[in-house]
Amino acid sequence: MPELPEVETVVRGLRPRLEGRLLARVDQRRADLRFPFPAGFAERLTGRRVDHILRRAKYMLMHLDDGQVLLCHLGMSGRMTIHECGDAPAPALDRHDHVVFVTDEGTEVRYNDARRFGIMDLFDAEAADSHPLLKALGPEPLGNDFNGPALAAALKGKRSPIKAALLDQSVVAGLGNIYVCEALFFAGLSPRRQAYTVQGGRAERLAAAVRRVLQRAIDAGGSSLRDYVQADGELGYFQHEWAVYGREGEACLQCEGKIRRIVQSGRSTFYCPCCQR
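Computed from a prediction, not measured in an experiment: that's the story for all the values here.

Caption draft 1: View of the side chain of D97. Tracing the backbone through its elements, the reader meets D97 in strand β6 (residues 97-103). The exposure class of D97 is buried, given its relative accessible area of 4%. Polar side-chain contacts of D97 include one of 2.9 Å to the side chain of N112. Apart from the residues within four sequence positions on either side, D97 is in contact with R29, R110, Y111 and N112.

Structure, rendered in structure tokens:
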């Protein structure tokens with residue numbers, strides 16, 4: 001599933017093509033994704049100007065000139081592809097191109113989702129803080145509200161493994177399995193460590209590692225796993241920089257030990273038992 005860096009990369013790719021443009025046509029090609037589309041979805045979007053596009057956790061938020069917000073989650077396999085105006089004719093629509101946005105200058109942005117596990121919703125901006133998908137989210141890990149003391153406070157009293165705690169979106173927004181594994185490695189913390197013990201210097205190291213890993217991944221264009229590509233069709237490259245994720249049995253980059261894999265809550269965790277305590 002695309003995580004924060006992948007979604008941030010897509011948002012950055014969409015901004016120059018959509019911000020300030022009118023949605024001249026919106027084609028909704030099926031009734032639902034993970035959930036049904038809102039009533040009058042295409043009609044409510046057609047003719048609206050895109051003021052700005054933001055990311056919140058793993059969600060894209062497209063703010064429109066009439067005060068509406070289009071929320072999009074890429075799900076397991078969703079992606080946005082761009083077909084610029086003036087290029088060769090856009091390729092024929094794929095059967096998994098479920099929504100097509102066409103701007104007033106002719107650029108097409110297609111939402112493609114083979115597994116149809118994505119989400120699109122449309123609501124008033126004033127209701128964003130109370131939206132069921134947004135209201136319980138914790139701080140943005142790249143924002144000013146996320147630091148060592150804030151993380152320590154969120155983890156205080158949590159008697160679950162730190163890996164599970166970091167995947168809790170109310171603790172910190174947008175983290176997923178890949179980047180939690182990577183951040184714990186650079187912080188030198190075992191994924192099995194009880195979350196409540198991550199205080200003081202440990203919390204400072206972990207908050208810094210989270211920021212470092214996410215920023216490096218964004219700079220590299222995200223990690224390409226199966227279906228994920230950037231908005232311009234290019235693959236991300238951060239998977240070539242993974243320190244532990246997917247490297248079971250390989251040599252640790254910091255010591256002579258081997259990377260191990262364990263399963264926590266049904267998900268693979270990769271770590272170095274020598275470097276992470």
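Additional details are given in the paragraphs that follow.
Caption draft 2: Summary view of the sheet that holds strand β4 (residues 68-73). If you trace the 4 strands from one edge of the open sheet to the other, you get β2-β3-β4-β8, paired in antiparallel fashion. Because the sheet does not close on itself, it has two edges, and the strands there are β2 (50-56) and β8 (119-124). Here the average twist between neighbouring strands, direction ignored, is 20°. Here β2 pairs with strand β3 (residues 59-64) via 6 bridges, running antiparallel. By the bridge assignment, L54 is partnered in β3 with L61. The strands touched by helix α1 (residues 4-18) within the sheet are β2 and β3, with β2 carrying the most contacts at an inclination of about 175°.

Caption draft 3: Structural detail: helix α5 (residues 177-187). Taken across its 11 residues, α5 has 10 buried, putting it largely inside the fold. Where α5 is concerned, the buried positions are N177, I178, Y179, V180, C181, E182, A183, L184, F185 and A187. On its buried face, α5 sits against α1, α4 (162-167), α6 (200-219) and β10 (267-271).

Caption draft 4: How the structure looks around the nonpolar core. Grouped together as the largest cluster of nonpolar side chains are 39 residues, with contacts concentrated most on L151, L155, I162, L166 and L206. Listing elements by their share of this core, those giving two or more residues are α3 (148-155), α4, α5 and α6. Considering each element in turn, this core owes the most residues, 9 residues, to α6. Contacts of L155, omitting those with residues within four sequence positions, involve I162, A165, V171, A195, Y196, V198 and Q199. The next biggest cluster of nonpolar side chains, apart from the first, holds 28 residues, and it includes F41, V109, M120 and L122.

Caption draft 5: Region of the structure containing the packing of aromatic side chains. Applying the stated criterion across every chain, the model contains 4 aromatic pairs. Between F37 and F41, the aromatic rings sit 4.9 Å apart at their centres with planes inclined by 45°, giving tilted as the arrangement. On the numbers, 5.0 Å between centres and 80° between planes, the contact of W242 with Y245 is edge-to-face. You'll find W242 and Y245 in the same group, each marked buried. Members of the aromatic cluster, connected to one another through ring pairs, are W242, Y245 and F270. For the cation-ring pair, R34 lies above F117, with the distance from its terminal atom to the ring centre recorded as 4.0 Å. Over the aromatic face of F186 sits the side chain of R212, whose NZ or CZ is 4.2 Å from the ring centroid.

Thresholds applied
- Residues numbered from 1 in each chain as written.
- Predicted model: local features only at pLDDT ≥ 70, side-chain atom pairs only at ≥ 80, totals over all residues.
- Heavy atoms only, no water.
- Helix = DSSP H or I, 4+ residues; strand = E, 2+ residues; numbered from the N terminus.
- Buried < 20%, exposed > 50% of the residue type's maximum accessible area, 1.4 Å probe, protein only.
- Polar contact = N/O pair within 3.5 Å; in protein donor to acceptor, adjacent residues only side chain to side chain.
- Contact = heavy atoms within 4.5 Å.
- Pairing = 2+ DSSP bridges.
- Axes fitted to C-alpha atoms, helices over the stretch in contact; angles between N-to-C directions.
- Core = buried A, V, L, I, M, F, W, Y, C linked by side-chain atoms within 4.5 Å.
- Phe/Tyr/Trp six-rings, centres within 6.5 Å; stacked < 30°, edge-to-face > 60°.
- Lys NZ or Arg CZ within 6 Å of the ring centre and 35° of its normal.

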